[in-house]
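Here's the letter readout for the chains.
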Amino acid sequence: MRYRQLTTGTLALGVLLLIDVLRVWLPGIITIFGQAASTPAELMGAFALGWFVLAMGAPAVVRRVGARPVTVVAAVALAVARLALTAGPGGRTQLWLATAGLLAGLVWLVGVAADTDRPVPGLALGFAVNAAVHAVLDTVDLVWRGDWVAWLLSAVAVVVFLAGTAQPGQRGGAGDALTDAAAGPVGPADAAAGPGGGRAWLLAGPALLLAGMVALSPALARTGMSYLVAGDGVARSPLFGLAPVPVAVAGFLCAALTRPPSGWGRAYGPVALLGGAVLFALDRGDLLLPAILLAAVGLGACLALTDDTSQPANDTANVDTAGGASASRRGYAVAAGMLVFALGAVGYYSAYDLGYPNAAVPVVVAVLIAAVAFTARPVVPRLPGPFPPLRAAAAVTALAVLAPVLADEVPVASNRDGPPQRLTVVAYNIRMGFGLDGRFDLTGLAQVVERQRPDVVLLSEVDRAWLLNGGHDTLDLLADRLAMPYVFGPAADPVWGDAVLSRWPVRDPRTLPLAAVGAPTGAQALAVTLDLGDGVSTAVVSTHLQPPPGKGPVVQARAVADFATRYAAGRPLVVAGDLNTEPGDEAFAQFTKAGLVDALAAARPLATSPADDPRQQIDHIFVSPGLTPGDPVAPRSTASDHLPVAVTVTLPPR
């Protein structure tokens with residue numbers, strides 16, 4: 001393998017490992033370091049930002065010690081942390097392993113930047129391969145799988161990464177010029193890093209943020225497809241939901257690895273990226289797919305505009321005079337860019353705890369990328385990339401094409417023989433799929449639900465693509481495990497809300513946005529009709545009330561009760577979810593005043609939160625008087641921070 005191919009491949013693989021670590025570390029801020037509902041968002045944000053600020057000292061270390069030793073030590077630390085995380089240790093061990101891996105990855109990036117003035121091919125391949133692999137794995141990373149296949153593939157990735165880092169061709173770029181010059185002449189391979197690359201390294205962090213949030217997010221692509229199925233502001237199980245992923249990957253790589261047009265044609269990338277960011281910021285499910293495709297092509301084109309290497313430095317003097325200072329600038333550029341990543345992520349997702357508007361965050365990041373890219377000076381003549389652009393794009397796209405074939409499953413509901421006499425209802429706040437130990441625990445969630453043999457499941461805190469939580473489509477994954485199709489109602493944004501899963505066909509879905517009344521996180525009520533056959537139907541409403549600071553969710557409870565009874569129009573009705581109110585509270589009374597019955601009354605007190613030591617009765621199921629509830633239970637499990645509640649209701653005689 002030639003020097004440039006080795007450098008590019010190792011950079012891409014290192015980016016892949018760093019993103020894997022980030023997918024564990026980011027949700028750990030909420031699920032292990034703190035609790036989103038009780039730990040101040042400011043404290044969690046300070047914890048997150050602190051490590052990126054600390055990494056700003058890495059360029060000074062590289063300048064003093066040399067890029068080679070710093071890069072090797074950091075690469076080993078990143079590899080060890082990534083491999084150890086495959087064990088899924090949970091708890092603080094998991095958090096600190098991920099933190100060590102993150103810091104090592106940031107320092108490794110700084111070391112690599114000192115020796116690499118052409119990072120765009122490696123960064124672009126790293127982002128694209130990560131998206132393709134994440135899609136093929138159905139948005140569940142190898143880190144969370146823990147089986148022998150996950151260990152084998154993780155070990156192979158780590159060994160290849162370390163082997164590439166250890167190759168002699170990796171030493172002695174501009175960052176090591178001052179220390180290597182004393183050891184002897186610097187050859188062409190060692191002097192490969194010239195004075196460029198600063199702009200591209202600066203964009204590494206912002207590009208990673210927009211790639212993970214929008215442009216190359218398989219979970220967001222599937223969510224966007226699910227909105228096309230239902231319309232009317234709700235989403236349903238899609239067919240081939242991952243189909244947009246290979247299109248986005250192909251557009252991104254072709255734009256990133258090919259020569260950008262000249263003149264004003266250079267503006268197409270920045271314009272497309274800004275258009276995608278604006279569409280995403282509008283928080284509309286039906287705009288997610290165009291947002292993804294525009295952002296993918298635009299992001300790739302912006303990276304291509306910063307790919308500014310024309311000729312490598314060919315002698316020690318060039319390296320000493322130009323490369324040394326540029327190596328330091330590149331190190332600070334990538335550290336600053338990763339700090340922008342952290343600021344953008346914290347700024348965007350903290351809004352759901354603090355209550356300020358966050359739509360501007362992805363747009364501002366896109367403006368930054370577009371400005372840096374468009375103002376880059378075109379380079380003529382331009383060296384060819386380390387890999388043929390179309391061939392490289394085709395190879396990664398072919399991997400992504402496997403995702404719709406291998407990872408997409410569509411559970412199908414069908415009527416049984418005649419209407420049932422009973423329905424088993426389960427309501428569960430799943431905390432984005434993360435258990436009390438901070439592990440992504442789909443198996444635990446599915447098992448505790450399956451033991452109840454449910455006919456209909458109502459879910460709260462459903463996350464379908466947040467980068468903060470690892471970029472999983474938790475709803476689709478759980479629906480596959482339960483073999484139950486879903487209907488999803490957006491609450492905080494198009495990928496966060498509530499859902500209904502049913503073994504019976506569902507029709508007439510409707511969603512009602514609820515007034516915030518000072519609560520920082522959005523709320524809604526999702527109503528569906530279960531078609532039980534022979535003209536028999538039951539109305540079901542799933543919701544998650546968000547109380548304003550220091551008060552109960554009285555206004556929202558009244559709105560849900562009124563909406564549910566009007567929607568049911570005299571038919572049997574079930575209303576359930578995390579209602580954040582206790583029996584006897586004013587908000588709880590809004591449901592009984594509307595004529596609904598507490599289906600869990602026979603088992604009171606029935607505490608559901610926190611899951612390891614339940615003291616609060618805040619998860620509830622209400623039914624209309626025509627339904628007879630029985631066997632109320634809150635089965636024990638730590639797969640979430642809440643316990644599920646379940647009840648079997650007997651339908652009225654026909």
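About the thresholds
- Residues numbered from 1 in each chain as written.
- Predicted model: local features only at pLDDT ≥ 70, side-chain atom pairs only at ≥ 80, totals over all residues.
- Heavy atoms only, no water.
- Helix = DSSP H or I, 4+ residues; strand = E, 2+ residues; numbered from the N terminus.
- Expected span 1.5 Å × (residues − 1).
- Buried < 20%, exposed > 50% of the residue type's maximum accessible area, 1.4 Å probe, protein only.
- Polar contact = N/O pair within 3.5 Å; in protein donor to acceptor, adjacent residues only side chain to side chain.
- Contact = heavy atoms within 4.5 Å.
- Axes fitted to C-alpha atoms, helices over the stretch in contact; angles between N-to-C directions.
- Parallel < 35°, antiparallel > 145°, perpendicular 65-115°, else oblique.
- Left-handed = near helix turned anticlockwise from the far one by under 90°.
- Pairing = 2+ DSSP bridges.
- Right-handed = clockwise from strand over helix to strand, strands pointing away.
- Phe/Tyr/Trp six-rings, centres within 6.5 Å; stacked < 30°, edge-to-face > 60°.
- Patch = residues over 30% accessible without salt bridge, like charges linked within 9 Å, V, L, I, M, F, W, Y side chains within 5 Å.
- Areas by Shrake-Rupley, 256 points an atom, 1.4 Å probe, with all protein chains shown as cover.
- Salt bridge = Lys/Arg side-chain N within 4 Å of Asp/Glu carboxyl O.
- 1 Å grid on protein atoms, 1.4 Å probe; cavity = no way out; pocket = protein on both sides within 12 Å on 5 of 7 lines; lining within 4 Å.
- Points joined across faces, edges and corners; volume = space filled by probe spheres on them.
- Core = buried A, V, L, I, M, F, W, Y, C linked by side-chain atoms within 4.5 Å.
- Nonpolar A, V, L, I, M, F, W, Y, C, P; charged D, E, K, R; others polar.

Participant: Can you walk me through helix H6 (residues 120-136) in this structure?
Facilitator: The periodicity of an α-helix, 3.6 residues per turn, causes residues three or four places apart in sequence to face the same way. Along its 17 residues, H6 runs 24 Å from first to last C-alpha, staying within 8% of the 24 Å computed at 1.5 Å per residue. Burial of H6 is extensive: 14 of the 17 residues sit out of reach of the surface. Asp-138, located one to two residues past H6, shows a positive phi value of around 60°.

Participant: When you look at the side chain of Ser-640 in this model, what are you seeing that I'm missing?
Facilitator: Within the secondary structure, Ser-640 is located in the loop between strand S12 (628-633) and strand S13 (645-650). For Ser-640, a relative accessible area of 0% translates into the label buried. At 2.6 Å, the side chain of Ser-640 forms a polar contact with the backbone oxygen of Asn-429. Setting aside its immediate chain neighbours within four residues, Ser-640 contacts Tyr-428, Asn-429, Ile-430, Arg-431, Phe-434, Gly-435, Leu-436, Leu-445 and Ala-611.

Participant: What is the right way to look at the packing of helix H13 (residues 244-257) against helix H19 (residues 389-406) in this model?
Facilitator: Between two packed helices, both the angle of their axes relative to each other and the distance between the axes serve to describe the pair. Across the interface, H13 lies against H19 with an axial gap of 9 Å and an inter-helix angle of 165°. As far as their axial angle goes, H19 and H13 are roughly antiparallel. Like other packed secondary-structure pairs, H13 and H19 cross with a definite hand, here right-handed. Residues Val-245, Pro-246, Val-249, Ala-250, Leu-253, Cys-254 and Leu-257 of H13 touch H19, and the partners they reach there are Pro-389, Leu-390, Ala-392, Ala-393, Val-396, Thr-397, Ala-400 and Val-401.

Participant: I keep staring at unusual backbone geometry and nothing clicks. Help me out?
Facilitator: The general pattern is negative phi for most residues beyond glycine and trans for most peptide bonds. Between Arg-604 and the following residue, Pro-605, the backbone shows a cis peptide bond with an omega angle of -5°. Going from Ser-609 to Pro-610, the amide bond is cis rather than trans, its omega being -10°. Within the secondary structure layout, Pro-610 lies in the loop between strand S10 (597-598) and strand S11 (619-623). Even without glycine at this site, Asp-138 takes up a positive phi of about 60°. With respect to the helices and strands, Asp-138 occurs in the loop between H6 and helix H7 (142-145). The backbone of Glu-461 sits at a positive phi, close to 55°, despite the residue not being glycine.

Participant: Would you mind showing me how to read the pairing of strand S8 (residues 536-544) here?
Facilitator: The side chains of a regular strand alternate, residue by residue, between the two faces of the sheet. In terms of residue burial, S8 counts as a mostly covered element, since nine of its nine residues are buried. Here strand S7 (residues 523-533) runs beside S8; their pairing, made up of eight bridges, is antiparallel. The partner of Gly-533 across the bridge, within S8, is Val-536. Linking S7 to S8, which pair antiparallel, is a turn of two residues; within it Asp-534 sits at a positive phi near 55°. Both S8 and strand S9 (residues 573-578) contribute to a ladder of six bridges, which runs parallel. Bridge pairing links Ala-539 to Leu-573 in S9. In the classification by handedness, the crossover that spans S8, the intervening helix H22 (residues 554-568) and the parallel S9 is right-handed.

Participant: Hey, could you run me through the packing of aromatic side chains in this one?
Facilitator: The way to describe two aromatic rings as a pair is by their centre distance and the angle between their planes. Counted by the stated rule, this structure contains 21 aromatic pairs. Arranged with centres 6.1 Å apart and planes meeting at 40°, the rings of Phe-52 and Phe-341 form a pair that is tilted. Note that Phe-52 is positioned in helix H2 (residues 41-54) and Phe-341 in helix H16 (residues 316-349), a separation of 289 residues in sequence. For the residue pair Phe-52 and Phe-341, the accessibility class agrees, reading buried in each case. Between Trp-144 and Phe-434, the ring centres sit 6.0 Å apart and the planes meet at 80°, which makes this aromatic pair edge-to-face.

Participant: For this particular structure, what's the right way to read the sheet that holds S10?
Facilitator: As a general point, the strands of a sheet are linked pairwise by backbone hydrogen bonds and lie either parallel or antiparallel. The six strands lie next to each other as S6-S7-S8-S9-S11-S10, forming an open sheet whose pairing is mixed. Each edge of the open sheet carries a strand with a single partner, namely strand S6 (506-514) and S10. In terms of strand pairing, S10 meets S11 through two bridges, oriented antiparallel. The partner of Val-597 across the bridge, within S11, is Val-623. With respect to the sheet, H22 is in contact with S6, S7, S8 and S9, its orientation differing from that of S6 by roughly 155°. Helix H23 (residues 586-593) rests against S9, S10 and S11 of the sheet, and its axis sits at about 15° to S11.

Participant: Just checking my understanding: could you explain a nonpolar patch on the surface for this structure?
Facilitator: On the surface, a nonpolar cluster with roughly 580 Å² of combined accessible area is contributed by Trp-148, Val-149, Leu-152, Leu-153, Val-156 and Val-160. One can find Leu-152 in helix H8 (residues 148-166). In this structure Leu-152 comes out as partly exposed when scored by relative accessible area, which is 46%.

Participant: So what exactly am I meant to see when it comes to the layout of surface pockets here?
Facilitator: The gaps of empty space that remain are located by a probe, the size of a water molecule, rolled over the atoms. Size it by volume and the second largest pocket reaches roughly 520 Å³. Lining the second largest pocket are 30 residues, with Asp-283, Pro-490, Ala-491, Ala-492 and Asp-493 sitting closest to its centre. Breaking the lining of the second largest pocket down by element, the ones donating at least two residues are helix H12 (218-230), helix H17 (351-354), strand S4 (486-493), S6 and S7. With four residues, S4 is the largest single contributor of residues to the lining of the second largest pocket.

Participant: Hey, could you run me through the nonpolar core in this one?
Facilitator: For soluble globular proteins, the rule of thumb is that nonpolar side chains tend to be buried together. In this structure, Trp-25, Trp-201, Phe-252, Leu-253, Leu-459 and Leu-501 are the most contacted members of the largest nonpolar core, which totals 156 residues. Looking at which element gives the most residues to this core, the answer is helix H1 (residues 3-33), with 16 residues. When residues no more than four places from it in sequence are discounted, the contact partners of Trp-201 are Leu-11, Leu-109, Val-112, Ala-113, Thr-116, Pro-119, Leu-123, Arg-330, Ala-333 and Val-334. If you look at the next biggest cluster of nonpolar residues, it comprises 31 residues, including Ala-427, Val-500, Leu-526 and Leu-600.

Participant: When you look at empty space enclosed by the protein in this model, what are you seeing that I'm missing?
Facilitator: This model, assessed by the stated rule, comprises seven cavities of 30 Å³ or more. Reported here for the largest cavity is a volume of approximately 160 Å³. For the lining of the largest cavity, the elements supplying multiple residues, two or more each, are H1, H6 and helix H11 (204-215). Tallied by class, the residues present in the lining of the largest cavity amount to eleven nonpolar, five polar and one charged.

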